[in-house]
Amino acid sequence: MSELAIKGGTPVVNRLLGKPWPIWGDLERKYLNEVLESGIWWRGGWSDEQVEKSKVASFERAFAAYQDAAFGVAVTNGTQALECALKALGIRAGDEVIVPAATFVATATAVILVNAIPIIVDIDPATFQISPDAIEAAITSRSVGIIPVHYCGYPCDIDRINDIAYRHGLFVLEDCAHAHGTIYKGKKLGARGNAGAFSLQMGKTLTCGEGGIVLTNDEELAKLVFSYHHIGRVAGAPFYEFHRVASNLRMTEWQGAVALAQLSRFDEQANIRDANARRFEDGLREIPGVAPLERVEGLERWVFYFYAWRFVKEEWPEGVTRDKFMQALSAEGVPVHLGHLQPIYQNPLFIERNFGPVAWPPGVDAPDYSAVYCPNCERVYREEGIHMPHAVFLGGPEDIDLMLDAIRKVRENAHELVDL
Ligand SMILES: Cc1ncc(COP(=O)(O)O)c(C=O)c1O
C-alpha cells in the first residue's frame, strides 16, 4: 500500500495552515465608518487642514516612517506606483531600465507604459534576487535606471546596486511589492535607492484591496511623485492650475482607512512570519533534498509575500523532479506554488511585442525578447524554486512542524514518485 497521499495514502495536513487572508477587525470598521460619516471620501489636495487629517495622508506619513523613509505618496496600485515614480525620476521615451527576469510582469510593463524599454537580466541563483553582475553587463549608453525587486521580500544586494548606479549615473527604484517590513542592515527597504514602489493589493502582506505607495527620502522627488499622481497639480498652487500631463492615481479614503488599520497590526504579523520562517528553515536544513534560502548577512527580519525555498535535485533518486515533489507535497496538504519565477520574457506580450502605443525615438527599439535567455532564472523556475503563501506562516509553530512532517514523509517515500 502506498504511503504518499498522491498515491492514495492519508494526507499529513487536513486543516488550514496559518490564517485565512486578509485579516481585519473593528479598527477597519471604525476608520471606514469615520470616512463614511465625514462625507469626505477622497484625499483632497495636499497641504490644507482637511488633507492633513485624511486617512490617506495619515497612512502615507505612518507607512513612510515605518519603512524608514521621509516621504510617501499613496496611489491606486503597485503598477502605477512604479509608473508614477518612473515619471518623477525623469524617464524619457526610449530610455532603458534594467529589471530582473524573476518578478511580476508589472515591474517591466510599468517601464513600457512610460515609453521606456525594460532590459531583462538574470538572477543570482543563491538568493533568487537580481544579479548585480548581470546589471553591470547590461548597462549601455541608453541606460537610465535599475528597478531591483526585493523578490519574495528577501533583500537584493541594494548596496552593490546603488554603487553600480552611482558609478553609471543611473537611478534606483526599488520594487518593494513583496518586501513591506523586511529589515536589512538595520533599516527597512524602499528608500535605500532613489525611491521605492509598494503594492497594497489584496494578496500582499499589507493590503487595502488595491493600492500602492511610493516612498523616497528626496523631497523634490516626493513633490514630483505627488504632482504625477494628482493630474499635474502642485502642492500649494491654485487648485485648477496644472503643471504637467499626468493621470489621476489618487488613493481613495476607503483604501486609506483600511491601509491605516492594517498597518496597526502589521509589525506583530511580520514578527510571527519571520519567527515561523526561521523554524521552517531549521527544519529544512535537517531534511536531505531540500534547503532554505540562506539568509544573507544583515537580514534581520524577513517578511515575505511568497516564502521561497529550494529543491536540491542532486540529492533525490533518479526520476524524482521538483515538480513531482511539489505535486506530492500539495497532495499532503501543503500549499506550494511557483510564484513569479517564470522568466517574464516568456510572456506573449514580450514574444509578440504587444507593447501598445509606444513612441520610441527613430532608430531606438526594444530587444528581441524571444532571444533573451537567463539561465539561472530558467533553472530556478524549472528545477529548484518553491514558494508558499505568506499567510501560511501566520499560525503557531505546530503548523510549521506539520509542514516539515509532510516534507519528511515525501522524502522518506520518494521511491513512490519515480514512476509518477
Ligand atoms: C514585484 C511586483 N511588482 C509590482 C506589482 C504590481 O502591483 P499591483 O498588483 O498592486 O499593481 C506586483 C504585484 O503582485 C509585484 O509582485
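Now for a description of the structure that goes with this document.

What counts and how
- Residues numbered from 1 in each chain as written.
- Predicted model: local features only at pLDDT ≥ 70, side-chain atom pairs only at ≥ 80, totals over all residues.
- Heavy atoms only, no water.
- Buried < 20%, exposed > 50% of the residue type's maximum accessible area, 1.4 Å probe, protein only.
- Helix = DSSP H or I, 4+ residues; strand = E, 2+ residues; numbered from the N terminus.
- Contact = heavy atoms within 4.5 Å.
- Polar contact = N/O pair within 3.5 Å; in protein donor to acceptor, adjacent residues only side chain to side chain.
- Phe/Tyr/Trp six-rings, centres within 6.5 Å; stacked < 30°, edge-to-face > 60°.

A closer look at helix 4 (residues 78-88)
Among the 11 residues that make up helix 4, eight are buried, leaving the element largely enclosed by the rest of the structure. Taken residue by residue, helix 4 has Gly78, Ala81, Leu82, Glu83, Cys84, Ala85, Leu86 and Ala88 as its buried positions. Check the buried side of helix 4 and you find it contacts strand 1 (71-75), helix 5 (106-113), strand 7 (171-175), strand 10 (195-199), strand 11 (212-216) and helix 8 (219-229). The N-capping residue of helix 4, defined by a side-chain oxygen 3.1 Å from the backbone nitrogen of Thr79, is Asn77. Following helix 4 by one or two positions, Gly90 has its phi on the positive side, about 90 degrees.

A look at the packing of aromatic side chains
Summed over all chains, the structure comprises 23 aromatic pairs. Look at Phe304 and Phe393: their rings are 5.1 Å apart centre to centre, the planes differ by 80 degrees, and that puts the pair in the edge-to-face class. Of this pair, Phe304 sits in the loop between strand 13 (299-301) and strand 14 (306-311) while Phe393 sits in the loop between strand 15 (385-389) and helix 13 (397-412), and the two are 89 residues apart along the sequence. Among the residues examined, Phe304 registers a relative accessible area of 0% and is labelled buried. Among the residues examined, Phe393 registers a relative accessible area of 0% and is labelled buried. Between Trp316 and Phe325 the ring centres are 5.1 Å apart and the planes differ by 55 degrees, which places this aromatic pair in the tilted class. Classification of Trp316 as buried rests on a relative accessible area of 8%. Taking the relative accessible area as the measure of exposure, Phe325 reaches 0% and is therefore buried.

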